[in-house]
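Examination of the molecular architecture
The lines below spell out each chain.
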Amino acid sequence: MPPRSNNYYTATLNHDTDFPVLQGTHSVDVAIIGGGFTGIATAVELAEKGLEVAVLDSHEIGWGASGRNGGQVTGSLSGDAAMRKQMRNHLGAEVDDFIWHLRWRGHQIIEQRVARYGIACDLRRGHLHAAMKPAHMNELRASLEEAQARGMGDAVTLLDRAAMRQHLDSPLYLGALKNTRNLHLHPLNLCVGEARAAQALGARVFENSEVVEIIHGPRPAVVTAQGRIEARQVMLAGDVHHRLERKQLKGKIFPAMGGIVTTRPLGDLARQLNPQNLAVYDCRFVLDYYRMTADGRLLFGGGANYSGKDSRDIAAELRPCIERTFPRLKGVDIEFQWSCAMGIVVNRIPQLGKLSDNVWYCQGYSGHGIATSHVMGEIMANALTGTLGQFDTFAACRHIKVPMGDVLGNPLLAVGMWYHGMREKLL
Ligand SMILES: Cc1cc2nc3c(=O)[nH]c(=O)nc-3n(C[C@H](O)[C@H](O)[C@H](O)COP(=O)(O)OP(=O)(O)OC[C@H]3O[C@@H](n4cnc5c(N)ncnc54)[C@H](O)[C@@H]3O)c2cc1C
């Protein structure tokens, strides 16, 4: 097996994986392409229901965004306004309850799974959604009111500037919404832990096994260089990392590259900067997000580029943001830096659908994927076993396909993001 690339998560992985390369022909109920949260969460659900499942990843389990993200499990859905508008046709007056359920269901699944399978992934509760200007405080007040009206008032508190300074030693913020239902965790340890749980339930997991073709038909199959899996159903969960089924999927999602760094372990300073070890993200469209790791490093992510290419020096890009946020970290050593692509959808509604009678796909969480992928895993497992309600609600949503897809998509997105960035600076 080739070694995993070096980043903070791979350096602190509990158990490296040694799932085999697919060889020969096998037969299962469901073959899943992609061993990130979407594929693995669906596999766990299906294996718990007693189905024979195989998951294939072209690299290692958790190689994609699932093993390289910020680890913040938020109740925010990036596409909720669009969802509310489009899903009203399908759900009528129930749409608001449905979206509220979606916001929090992923947290429940993750907490239960971690407890049930004893997955060590540094799971902690508590986030600060931080305001940088008065308009942000108004947004947070509206979120507080919604949470209170939904009976979640005990989990949310609005902090003013003085209260915020007691939670975070940073001069940047006017206040924040503190939310003790949101979680943060080590995503790679969660993803690999879930894959091991799926395997213990009987699922077959294959690494370094890129699917090069999906064969459609009454009994579909997935084909790799050295093997083939025949199945009753196939699910494509490769997000933005695959080139399969271009005829139907080209232009539906776009890559945005996100960069993350971790500092050296900060010792007692970590507790002084962030005494309650809360995960923090700010209210801007292109935001900074950060938290302390279990060994006391600052893990800091921010920015995004839409070229589909890695940024050359992520540490150089993020250091000024870190120093602005925490002046006491001026000149701090940065020990790990990495980047990864995430799938962005124009209207930000996760894309669920069918490519043929028994070939399904699920993708595109626009940077809010840890909780969402787990909800989608549940929705997909239900759909694959015949309960279609929630799948149909998503599948009925309309999505824009940008002409010339990946070629023109990135520059168009870059212009869109530049526009949002400018608006934010000017308003
Ligand atoms: C830098 C960054 C920070 C983020 N921070 C957060 C955060 O803090 N909170 C949050 O909620 N979300 C965050 N996200 C988003 C979140 O990580 C993703 O939405 C989520 O992990 C997507 O999961 P997935 O399983 O759909 O895709 P992925 O995790 O990308 O997995 C897809 C897998 O499919 C495999 N694959 C692709 N093609 C093939 C093929 N042909 N054959 C076999 N396998 C294939 C790939 O190797 C890959 O492992 C972040 C994303 C990035 C990039």
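A quick note: this is a predicted structure, and the numbers were derived from the prediction, not measured.

1. Digging into the site of the ligand
The environment of the ligand is formed by 38 residues, the closest being T38, D57, S66, Q72 and I370. Within the side chain of D57, an N or O atom sits 2.6 Å from an oxygen atom of the ligand. At 3.5 Å from an oxygen atom of the ligand is found a main-chain nitrogen or oxygen belonging to G64. In isolation the ligand has 1000 Å² of accessible area, and contact with the protein removes 97% of it. For the shell around the ligand, the secondary-structure elements that each account for two or more residues are α2 (37-48), β11 (253-263) and β15 (334-345). It is β15 that contributes the most residues to the shell around the ligand, 3 residues altogether.

2. Topic: α2
Its 12 residues place the ends of α2 16 Å apart at the C-alpha level, agreeing with the 16 Å of an ideal helix rising 1.5 Å per residue. Of the positions making up α2, those classed as buried are F37, T38, G39, I40, A41, T42, A43, V44, E45, L46 and A47. G50, located one to two residues past α2, shows a positive phi value of around 95°.

3. Looking at helix α11 (residues 370-384)
Taking 1.5 Å per residue as the helical rise, α11 with its 15 residues ought to reach 21 Å, and the 21 Å between its terminal C-alpha atoms agrees with that figure. Within α11, 14 of the 15 residues are buried, which leaves the element mostly enclosed by the surrounding structure. Following α11 by one or two positions, G386 has its phi on the positive side, about 100°.

4. Some remarks on the packing of α2 against α11
Helix packing for two helices is described by the angle between their axes and how far apart those axes are. The geometry of α2 relative to α11 is characterised by a closest axis approach of 8 Å and an angle of 45° between their N-to-C directions. One element, α2, and the other, α11, form an angle in the oblique class. For α2 against α11, the interelement crossing comes out right-handed. For the pair α2 and α11, contact is made by F37, T38, A41, T42, E45 and L46 and by I370, S373, H374, G377, E378, M380, A381 and L384, respectively.

5. Side note on unusual backbone geometry
Even without being a glycine, R348 presents a positive backbone phi close to 65°. As for its position among the elements, R348 is in the loop between β15 and β16 (351-356). Assessed through its relative accessible area of 18%, R348 is described here as buried. One non-glycine residue, S366, lies in positive phi territory at about 50°. If you trace the backbone, S366 turns up in the loop between β17 (359-363) and α11. Residue S366 is classed as buried on the basis of its relative accessible area, which comes to 4%.

6. With respect to the packing of aromatic side chains
Aromatic ring pairs are defined here through the distance separating the ring centres and the angle between the ring planes. With the rule as written, the count across this model stands at 8 aromatic pairs. Connected via pairs of aromatic rings, a cluster forms that spans Y8, Y9, F336 and W338. The ring of W63 has R68 lying over it, and the distance from NZ or CZ to the ring centre is 4.8 Å.

7. What to know about the domain arrangement of the protein chain
The parts lose accessible area when they come together, and the size of an interface is often stated as this lost area. Split into domains, the protein chain comes out as domain 1 (1-123 + 185-251 + 348-396) and domain 2 (130-183 + 254-344 + 404-427). Domain 1 and domain 2 are separated by 25 Å when their C-alpha centres are compared. Contact residues are listed per partner, giving 40 residues for domain 1 and 35 residues for domain 2. Carbon and sulfur atoms supply 61% of the area buried between domain 1 and domain 2, which totals about 3000 Å² over both sides. Looking only at domain 1, the three residues that lose the most surface to domain 2 are Y8, Q72 and W100, adding up to 25% of its buried area. The tally of links between domain 1 and domain 2 comes to 1 salt bridge. Note that R150 is salt-bridged to D97, the shortest N-O span being 2.8 Å. Counting every contact that joins domain 1 to domain 2 gives 13 residue pairs in polar contact (both at pLDDT 80 or more). Of all the secondary structure elements, the ones that give two or more residues to the side of domain 1 that touches domain 2 are α1 (8-11), β3 (72-73) and α4 (95-117). Top element by residues in the side of domain 1 that touches domain 2 is α4. It accounts for 6 residues.

8. So, the pairing of strand β13 (residues 288-292)
The element β13 is extensively covered by neighbouring structure, given that 5 of its 5 residues are classed as buried. Residues D288, Y290 and M292 line one face of β13 and the alternating positions Y289 and R291 line the opposite face, and both faces are buried. Looking at chain direction, strand β12 (residues 279-282) and β13 are connected through 2 bridges and run antiparallel. Along β13, the bridge assignment pairs Y281 with Y289.

9. Structural notes on the packing of α2 against helix α7 (residues 187-200)
Running from N to C, α2 and α7 cross one another at 30°; their axes reach a closest spacing of 9 Å. Comparing their axes, α7 and α2 come out roughly parallel. Judged by the twist between their axes, the crossing of α2 over α7 is left-handed. Contacts between α2 and α7 involve F37, I40, A43, V44 and A47 from the first element and P187, L190, C191, E194, A195 and A198 from the second. Tallied by class, the residues present in the contact of α2 with α7 amount to 10 nonpolar, no polar and 1 charged.

About the thresholds
- Residues numbered from 1 in each chain as written.
- Predicted model: local features only at pLDDT ≥ 70, side-chain atom pairs only at ≥ 80, totals over all residues.
- Heavy atoms only, no water.
- Near = heavy atom within 4 Å.
- Polar contact = N/O pair within 3.5 Å; in protein donor to acceptor, adjacent residues only side chain to side chain.
- Areas by Shrake-Rupley, 256 points an atom, 1.4 Å probe, with all protein chains shown as cover.
- Helix = DSSP H or I, 4+ residues; strand = E, 2+ residues; numbered from the N terminus.
- Expected span 1.5 Å × (residues − 1).
- Buried < 20%, exposed > 50% of the residue type's maximum accessible area, 1.4 Å probe, protein only.
- Axes fitted to C-alpha atoms, helices over the stretch in contact; angles between N-to-C directions.
- Parallel < 35°, antiparallel > 145°, perpendicular 65-115°, else oblique.
- Left-handed = near helix turned anticlockwise from the far one by under 90°.
- Contact = heavy atoms within 4.5 Å.
- Phe/Tyr/Trp six-rings, centres within 6.5 Å; stacked < 30°, edge-to-face > 60°.
- Lys NZ or Arg CZ within 6 Å of the ring centre and 35° of its normal.
- Domains from an automatic or database assignment.
- Buried area = accessible area lost by both parts, 1.4 Å probe.
- Salt bridge = Lys/Arg side-chain N within 4 Å of Asp/Glu carboxyl O.
- Pairing = 2+ DSSP bridges.
- Nonpolar A, V, L, I, M, F, W, Y, C, P; charged D, E, K, R; others polar.

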